[in-house]
Amino acid sequence: MEFGVAFLVVIIILAVIVLKKTIVIIPQSETKIIERLGKYYSTLQPGINIIIPFIDKAKEMVALYRGRYVLTNTIDLREQVYDFDRQNVITKDNIQMEINALLYFQIVDPFKSVYEINNLPNAIEKLTQTTLRNIIGELELDETLTSRDTINTKLREVLDDATDKWGVKVNRVELQDITPPASVLQAMEKQMQAERNKRAAILTSEGEKQSLILKSEGEKQSAILQAEGLAQARIRRAEAEAIAIDKITEAVGKSTNPANYLLAQKYIQALQDIASGEGTKTVYLPYEASNMMGAIGGIKDLFQIKE
């Protein structure tokens, strides 16, 4: 009786084990490669799948898990990211520097990822390193530092083409850090400082140049305005004198020359100025007294009233 119970328990346990190995539940975005007697049989889809225990077996492959390689029979179909360690590269102008990269890829053909390559993560890593060295080796240091997007694009195109036969799609490649040697960094810092000083000197010179131009323009405009003011003053003075002469002509009559009247006024004004000087005891008269008398006579004639 006890033997029968034990046998029944064993049968139940074996049935549970067989049932468990028969039914395979695949989560979404994952799959497994099934081999039947060592030969590829099928690729399991998400959901419930039925296999033959001890005859069908899931194919194992190498995957990168938390920075180390592990064996697994589950293939993750989601986009994955590999953060590769820093590596030394040499530019076209023989400058050695360190670069690390991020690689975003996705397994699109599980069959190829298992059977076309032995260690997929390691192969992708080595291919990324060699490709990156080749691309950087074609660029000089300045181009490497300023053409990060170009390097990313070239690297992605080369890796995507090379990994296509492995059933992998490379979606994006990003260079995280580009670290030149300390001596190069110091030289670059000095160069940038020199460039900043150069730009500052250029801006200062441009400012002084603009200041001188504006100052010259101001002086030019001032001189023009001053000349125009003097010209306008002379014009106004000439117009005033012309009007005065017309008035004098109307007052003394057209028969008498107005110039004599004006000349006589100038003589009288000059004599008044000479005589009114402080401490002046000597009075100078014109050498030709007859001319002066004639001028005074002209004044007399001007004030004669015509009959």
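All of these numbers come straight from a predicted model, not from anything done at the bench.

Notes on the overall build of the chain
At step 1: Secondary structure assignment for the chain yields 8 helices and 13 strands.
At step 2: Looking at the chain as a whole, 26% of its 307 residues qualify as buried.
At step 3: If you take every contact in the chain between residues at least 6 apart in sequence, the share linking residues at least 24 apart comes to 61%.
At step 4: Here the chain displays about 21,600 Å² of accessible surface, and carbon together with sulfur accounts for 56% of that area.

Overview of a negative patch on the surface
At step 1: Together, Asp93, Glu140, Asp142 and Glu143 make up a negatively charged patch on the protein surface.
At step 2: As for its placement among the helices and strands, Asp142 is situated in helix α4 (residues 141-146).

Digging into the environment of Asp85
At step 1: Turning to its location among the elements, Asp85 is positioned in the loop between β10 (80-83) and β11 (87-90).
At step 2: Among the residues examined, Asp85 registers a relative accessible area of 59% and is labelled exposed.
At step 3: Residues Asp85 and Ala101, spaced 16 residues apart in sequence, show a C-alpha to C-alpha distance of 7.7 Å.
At step 4: Other than its neighbours up to four places away in sequence, Asp85 contacts Ile99 and Asn100.

Thoughts on the nonpolar core
A general trend in soluble globular proteins is that nonpolar side chains are found buried together.
At step 1: Among the nonpolar cores identified, the biggest contains 34 residues, and Ile99, Leu103, Phe105, Leu120, Ile124 and Trp166 are the most heavily contacted of them.
At step 2: Elements with a minimum of two residues in this core: β12 (96-107), α3 (120-137), α5 (148-163) and β13 (168-179).
At step 3: If one sorts the elements of this core by residue count, α3 sits on top with 7 residues.
At step 4: With residues near it in sequence (within four places) discarded, Ile99 still touches Asp85, Arg86, Gln87, Val89, Leu132, Ile136, Leu175, Asp177 and Ile178.
At step 5: In this structure, Val24, Ile26, Ile34 and Leu44 belong to the second largest nonpolar core, which totals 6 residues.

Focus on the pattern of salt bridges
At step 1: Overall, the coordinates contain 6 salt bridges when judged by the stated rule.
At step 2: Salt-bridge contacts for Asp56 lead to Arg36; the nearest nitrogen and oxygen are separated by 2.6 Å. Here Arg36 lies in strand β3 (residues 33-36) and Asp56 lies in strand β6 (residues 56-58), a separation of 20 residues in the sequence.
At step 3: Overall, Asp56 belongs to the buried group, its relative accessible area being 7%.
At step 4: Here Glu239 ties to Arg236 by a salt bridge, and the two come within 3.9 Å at their closest N and O atoms. Here the residue Glu239 and the residue Arg236 both occupy positions in helix α6 (residues 182-252), the gap between them amounting to 3 residues, near one helical turn.

About the cut-offs
Residues numbered from 1 in each chain as written. Predicted model: local features only at pLDDT ≥ 70, side-chain atom pairs only at ≥ 80, totals over all residues. Heavy atoms only, no water. Helix = DSSP H or I, 4+ residues; strand = E, 2+ residues; numbered from the N terminus. Buried < 20%, exposed > 50% of the residue type's maximum accessible area, 1.4 Å probe, protein only. Contact = heavy atoms within 4.5 Å. Areas by Shrake-Rupley, 256 points an atom, 1.4 Å probe, with all protein chains shown as cover. Patch = residues over 30% accessible without salt bridge, like charges linked within 9 Å, V, L, I, M, F, W, Y side chains within 5 Å. Salt bridge = Lys/Arg side-chain N within 4 Å of Asp/Glu carboxyl O. Lys, Arg positive; Asp, Glu negative; His and termini not counted. Charge placed at Lys NZ, Arg CZ, Asp CG, Glu CD. Core = buried A, V, L, I, M, F, W, Y, C linked by side-chain atoms within 4.5 Å.

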